[in-house]
Amino acid sequence: MTTPRGIRNLNPLNIRRTSTTQWQGVAEVQRDREFVTFACCLLDTYRRRYGLETIAQIIRRWAPPKDGNLTEAYIRLVCEWMKTDAQRRIEPEDYPTLLRTMARVETGQWLPEEDFAEGYALWQETKNP
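Here the structure is a predicted model, which is why all the values come from computation and not from measurement.

A. Local environment of the overall build of the protein chain. The secondary structure content of the protein chain amounts to six helices and zero strands. Start at the N end of the protein chain and walk to the C end: the helices and strands fall as α-α-α-α-α-α. Summarising the internal contacts of the protein chain: among those between residues at least 6 apart in sequence, 50% fall at separations of at least 24. For the protein chain, the exposed area adds up to about 8000 Å²; of that, 48% sits on carbon and sulfur atoms.

Here it is, written out as structure tokens:
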């Protein structure tokens, strides 16, 4: 069995590359032409720049149907695994749990909770040096 792309790239959420993929925390070396190496700050950008605060809003932007995603099924799975509803407002302290759950949808695997907690802590340090 092949290791999922998100695991190989250290990008369990399969964040796509763009022409503006230069945010703090992105790895200098990118091995994949299409997807970037994982960075926690994307959720906060959704919140600050686009006003997206609920699970449904976030996932509809993250995995839109136009990209071939089963967006509503994605939302249902995340909500089921998080034992909550799609209109739940996500606060920054919820990012590790939401990201870990979304990574399971993306890769089919539960990744270590500590990895997401550590990524969140590192992101917090960059915001408040």
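B. Summary view of the environment of leucine 43. Its place among the elements puts leucine 43 in helix H2 (residues 41-50). The exposure class assigned to leucine 43 is buried, which follows from its relative accessible area of 1%. Taking C-alpha positions, leucine 43 is 8.7 Å from leucine 99, a pair spaced 56 residues apart along the chain. Ignoring anything within four residues of it in the chain, the contact list for leucine 43 reads Ile58, Trp62, Tyr95, Leu98 and Leu99.

C. Representation of the environment of glycine 119 in the model. Considering the arrangement of structural elements, one finds glycine 119 in helix H6 (residues 113-127). Glycine 119 sits 78 residues away from cysteine 41 along the chain, and the two C-alpha atoms are 9.5 Å apart.

D. Seen up close, the pattern of salt bridges. Scanning the entire structure with this criterion turns up seven salt bridges. Across the salt bridge formed by glutamate 53 and arginine 47, the nearest N and O atoms sit 3.9 Å from each other. Assessed through its relative accessible area of 16%, arginine 47 is described here as buried. Residue glutamate 72 pairs with arginine 60 through a salt bridge whose shortest N-O separation is 3.0 Å.

What counts, and at which threshold
- Residues numbered from 1 in each chain as written.
- Predicted model: local features only at pLDDT ≥ 70, side-chain atom pairs only at ≥ 80, totals over all residues.
- Heavy atoms only, no water.
- Helix = DSSP H or I, 4+ residues; strand = E, 2+ residues; numbered from the N terminus.
- Contact = heavy atoms within 4.5 Å.
- Areas by Shrake-Rupley, 256 points an atom, 1.4 Å probe, with all protein chains shown as cover.
- Buried < 20%, exposed > 50% of the residue type's maximum accessible area, 1.4 Å probe, protein only.
- Salt bridge = Lys/Arg side-chain N within 4 Å of Asp/Glu carboxyl O.

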